[in-house]
Amino acid sequence: MTGSAAGGGRLAANSAQARQDIAALQAALAAEQAASYGYGVVGSHLTGAKFTAATAEYVAHERARDTLTAMIAARGGRPRPAAAAYQLPITVTTNKQAVALAIMLERQVAAAYLGLVAASDPALRTFAAQNMRDAAVREARWSDLPQAFPGLPASSLRPARRG
Amino acid sequence: MTAEPTRRLVLAAAAAGTLTLAGCKGISVLGPLPKPGADVVTLRRAITAEELMVARYQSVQDALTASGGAGGPGKAGGSARTLIADLLAEHQAHLLQLRARLVLPPRLATASPQPSPTPPPVPHGQQRILTELATAEAAASDRLIAQLAHVPPELAQLMASIAASEAVHVVLLRRGKIAR
């Protein structure tokens, strides 16, 4: 594997990886955009400390959205714009439903960073893992429940081996 | 955009092929084992860290059982015991998943059984127990994230997920409770 052919192959592989990285960044961006929108709904149904918490999370998702937008642009990609409105997974009319929605939004965000954790660029991996962790932590603050494998689909877990 | 979750990730801890082909002559005839790669070293380190965490929770659990609960036999002690039991179960699940990704050549696996790590002594008092566990969880979470660069994509995803789970544990340990 020497010479210009291999070099060209490496270039092609690099650009394929760069495209994959941008696609993973776009997926994370879409989730952050949806979460920003969703938290607007969450906050409007909460009061007191929970409202304050929802506002802080809303700001966190907006920041992540802006960071992702800049990262995509810096890699020569075109950040996909947010939708004007999002179909929420549940109808929210009570504060209990608002908390349930916040939990769902954080789950979606954690899962959306999983692809980016597999990126070729180590800096992207770290960034993604930290954001996935932040989403899991925010979810736990709403739910008070542990989670063994945040962001991971059950299909990626191995069945228990005997013996 | 997740990496194929079904793809089998096999990390051979040494030249598995060589050992298998050598048949039943034993490990001594093979000479020195080849150095394991960075991915294997990282995975082993993650397994050891998780074993230590399981041992820590088990010793805390034993201490709580012996004393009838860190907060006494009342409600506070009971909820701490529930929290510890639930978090221990999650660490056992982490350990199982990490171990499933390390494929040792059978002879090597039996040749050097790893000693189980010894946890630090359990402090006195529920608050100190929970605080020390939270500190250990936070450090373990950071260490996993710091090592993502050295492993294949699927293992990076598992390690990142476990790091997130450990950070969630920190939240629950600091609150000292769990929803049920």
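The following refers to the structure shown. These numbers were taken from a predicted model, which means no experiment stands behind them.

Overview of the overall build of chain B
Reasoning step 1: Secondary structure summary: chain B contains six helices and two strands in total.
Reasoning step 2: Moving toward the C terminus, one meets the helices and strands of chain B in the order β-α-α-α-β-α-α-α.
Reasoning step 3: Per-residue burial over chain B gives 35% buried out of 180 residues.
Reasoning step 4: Counted over contacts in chain B with a minimum sequence separation of 6, partners at least 24 positions apart contribute 77%.

Regarding the nonpolar core
Reasoning step 1: In terms of nonpolar packing, the biggest core is built from 78 residues, with Ala-28, Tyr-113, Val-117 and Met-132 of chain A together with Met-159 and Ala-160 of chain B touching the most fellow members.
Reasoning step 2: For this core, the elements supplying multiple residues, two or more each, are helix 1 (3-44), helix 2 (48-74), helix 3 (95-117) and helix 4 (122-143) of chain A together with helix 2 (38-67), helix 3 (75-100), helix 5 (126-146) and helix 6 (153-175) of chain B.
Reasoning step 3: If you tally residues by element for this core, the top one is helix 6 of chain B, at 14 residues.

Some points on the packing of helix 3 of chain A against helix 6 of chain B
Reasoning step 1: Contact geometry for helix 3 of chain A and helix 6 of chain B: axes closest at 9 Å, N-to-C directions at 140 degrees. With respect to their mutual orientation, helix 3 of chain A and helix 6 of chain B come out oblique. For the element pair helix 3 of chain A and helix 6 of chain B, the recorded crossing hand is right-handed. Residue-level inspection shows Ala-110, Leu-114 and Val-117 of chain A of helix 3 of chain A in contact with helix 6 of chain B, the latter providing Ala-156, Gln-157, Ala-160 and Ala-164 of chain B.
Reasoning step 2: In the contact of helix 3 of chain A with helix 6 of chain B, the residues fall into six nonpolar, one polar and no charged.

So, the interface of chain A and chain B
Where the parts come together, the accessible area they lose is often given as the size of the interface.
Reasoning step 1: Across the boundary between the two partners, chain A contributes 36 residues, which contact 35 residues of chain B.
Reasoning step 2: With 12 residues, helix 4 of chain A is the largest single contributor of residues to the side of chain A that touches chain B.
Reasoning step 3: Along the lines of polarity and charge, the residues of the side of chain A that touches chain B split into 22 nonpolar, eight polar and six charged.

Structural notes on helix 2 of chain B
Reasoning step 1: Taking 1.5 Å per residue as the helical rise, helix 2 of chain B with its 30 residues ought to reach 44 Å, and the 44 Å between its terminal C-alpha atoms agrees with that figure.
Reasoning step 2: Of all the residues in helix 2 of chain B, the buried ones are Thr-42, Leu-43, Ala-46, Ala-49, Glu-50, Met-53, Arg-56, Tyr-57, Val-60 and Leu-64 of chain B.

Some thoughts on the packing of helix 2 of chain B against helix 5 of chain B
Residues and elements named next belong to chain B.
Reasoning step 1: Put simply, helix 2 and helix 5 touch, their axes get as near as 11 Å, and they point 170 degrees apart. By the criterion of interaxial angle, the relationship of helix 2 to helix 5 is roughly antiparallel. On helix 5, the residues that touch Ala-46, Ala-49, Met-53, Arg-56 and Val-60 of helix 2 are Ile-129, Leu-133, Ala-136, Ala-140, Arg-143 and Leu-144.

Concerning the environment of Ala-85 of chain A
Residue and element names in this part refer to chain A.
Reasoning step 1: Mapped onto the elements, Ala-85 comes out in the loop between helix 2 and helix 3.
Reasoning step 2: Using a count of 7 C-beta atoms within 10 Å as the deciding quantity, one classes Ala-85 as exposed.
Reasoning step 3: Taking C-alpha positions, Ala-85 is 9.3 Å from Gly-38, a pair spaced 47 residues apart along the chain.

Thresholds applied
Residues numbered from 1 in each chain as written. Chains lettered and ligands numbered in written order. Predicted model: local features only at pLDDT ≥ 70, side-chain atom pairs only at ≥ 80, totals over all residues. Helix = DSSP H or I, 4+ residues; strand = E, 2+ residues; numbered from the N terminus. Buried ≥ 20, exposed ≤ 12 C-beta atoms within 10 Å, placed from the backbone. Contact = placed C-beta atoms within 7 Å. Core = buried A, V, L, I, M, F, W, Y, C linked by C-beta atoms within 7 Å. Axes fitted to C-alpha atoms, helices over the stretch in contact; angles between N-to-C directions. Parallel < 35°, antiparallel > 145°, perpendicular 65-115°, else oblique. Left-handed = near helix turned anticlockwise from the far one by under 90°. Nonpolar A, V, L, I, M, F, W, Y, C, P; charged D, E, K, R; others polar. Expected span 1.5 Å × (residues − 1).

Distances and angles like these do not, on their own, reveal function.
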